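Below are the chains, spelled out letter by letter.
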Amino acid sequence: MAEIKTLGVIGAGLMGNGIAHVAAQSGLSVVLMDVSQPALDKALATMSGNMDRQVKKGLLTAEDKAAALGRITTATTNDAFAGCDMVIEAATENEAIKVKIFAALCPILKPEAILASNTSSIPITRLAAATDRPARFIGMHFFNPVPMMKLVEIIRGLATDDATAAAVTALAERMGKVAVPAGDWPGFVVNRILCPMLNEAIQALMEGVGDVRAIDDGLKLGANHPMGPLELADFVGLDTLLSVMKVLREGLGDPKYRPSPLLAKYVEAGWLGRKSGRGFYDYSTTPPTPTR
C-alpha cells in the first residue's frame, strides 16, 4: 500500500477548506485548487481563523499552526495536481459538474494517483465510470465542519480495488478521523437516514403539524438531539438537502423519498439556510428568528 504524502483538494468552499485544514495539520503537503482566486484567499483566511481558535483552546501550538499553513499551496488550474498521490474532489453536489471536473483532471494525474469524491449521495460506481481509473476511485465523504466532525464515510465503487480502499482508510485515520465503510447506495449510511428525517420535519412544518420552534424544540428535548431538524437543515444547506433527496428518489425509486414541496419552494426563493442568511430561520437577528 503506497503512502499518500501529497494531497490535492478541488474546491475551496466550506468542505474543501476543511479537508485541506485537517490534511495539512496531519503533516500532508496540500494543493488546494479553485478556479476563483478570491475563494482561495477566503479559504486560507478561514483556515487561519479556525486554527487560531484551536490555539486558544490549547489544541494546537502557534508553531504547529504556522507549519500547517506552510504545507498548503493554492492554484487555479489542474496542472498543480501533477505530482499529487491523491486528489479529493469537493465541488458542488452536482453530478454533471463533477464528471466535467474529472474529465479535465484525469489527463493531468500520474497513473498511480488515487481519485476520490467527497460526494454526499451520488453513486461512486457511476462517478468512477466517468474516469480513467475506476480501480483507484473511491468515495471519501467528510462531514461539516470538517475540523470538528470525526466521521468519514469510505465508499467503494464496484471496481475500487483493495489497495485503494486500504490507502484511503489509512489516510482518514491519519487525519484523526473514524473511517466507516458504507455501501455504494444513494445517500450511503448517514444521509440515507438523516436527510429523510430532515425532509419529514419540513413536510410536517408545511402541513402545520408544528411551527419551527415546536418541531426543533420537540426533537431537541424529546429525542435529545443537539440541534433541531430545521436548524440542522439550515446548517447543511437547503439546496444540498434538496439535491440529496432527489438522488435518493431517483436512485431508490421509492416515493417516500420525494422532496417536500416546501423545501423546493425555499430553494427557489434562494433561502438556503445559514449560508444565504435565511432559511427556516432568519440569521440577520441574534438569536436567529424562525421564518414560519
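Because the structure is predicted, anything quoted here is derived from the model rather than measured. Here the residue index of a chain counts from 1 through its sequence in written order. Reporting in this predicted model follows two pLDDT cut-offs: at least 70 for local features of residues, and 80 or more for side-chain atom pairs to be given and counted; totals over whole chains, interfaces and linings ignore these cut-offs and use all residues. Only hydrogens and water are set aside when side-chain values are computed; all heavy atoms of the structure are taken into account.

**Q** Got a minute to help me understand the nonpolar core in this structure?
**A** Grouped burial of nonpolar side chains is what soluble globular proteins tend to show. Take the buried residues of types Ala, Val, Leu, Ile, Met, Phe, Trp, Tyr and Cys, join any two whose side-chain atoms come within 4.5 Å, and each joined set is a nonpolar core. Burial classes: relative accessible area under 20% of the type maximum marks a residue as buried, over 50% as exposed, and values in between as partly exposed (1.4 Å probe, protein chains only). Within the largest apolar cluster, 37 residues are counted, with the highest numbers of intra-cluster contacts made by Leu7, Leu32, Met86, Met140, Phe142 and Met175. In this text, helices come from DSSP runs of H or I with a minimum length of four residues, and strands from runs of E with a minimum of two, each type numbered from the N-terminal end. It is helix α1 (residues 14–25) that provides the largest number of residues to this core, a total of six residues. What phenylalanine 142 contacts, discounting residues up to four positions off in sequence, is Met15, Ile19, Ile88, Asn118, Leu151, Val152 and Met175. If you look at the next biggest cluster of nonpolar residues, it comprises 24 residues, including Cys195, Leu263, Tyr266 and Tyr281. For this analysis, residues touch if any pair of their heavy atoms sits within 4.5 Å.

**Q** Explanation requested: the packing of aromatic side chains in the structure shown.
**A** The description of an aromatic ring pair rests on the distance of the ring centres and on the angle between the ring planes. Stacked, tilted and edge-to-face pairs are distinguished by plane angle, under 30 degrees for stacked and over 60 for edge-to-face with tilted covering the rest, among Phe, Tyr and Trp rings (Trp via its six-membered ring) whose centres lie within 6.5 Å. This model, assessed by the stated rule, comprises four aromatic pairs. A centroid spacing of 5.3 Å and a plane angle of 85 degrees characterise the contact between phenylalanine 102 and phenylalanine 137, whose relative ring orientation is edge-to-face. Placement of phenylalanine 102 in helix α4 (residues 95–105) and of phenylalanine 137 in strand β6 (residues 137–142) is noted, with a sequence separation of 35 residues between them. Accessibility classification places phenylalanine 102 together with phenylalanine 137 in one group, the buried group. Each ring, one from tyrosine 281 and one from tyrosine 283, has its centre 6.4 Å from the other, and the planes form 50 degrees; the classification is tilted. Residue class for tyrosine 281 comes out buried when judged on its relative accessible area of 9%. The structure contains a cluster of three or more aromatic residues connected by ring pairs, namely Tyr266, Trp271 and Phe280. Counting as a charge over the ring demands two things of the Lys NZ or Arg CZ atom: a distance within 6 Å of the ring centre and an angle within 35 degrees of the ring normal. In this arrangement the basic side chain of arginine 278 is found over the ring face of tryptophan 271, its NZ or CZ atom lying 4.2 Å from the centre.

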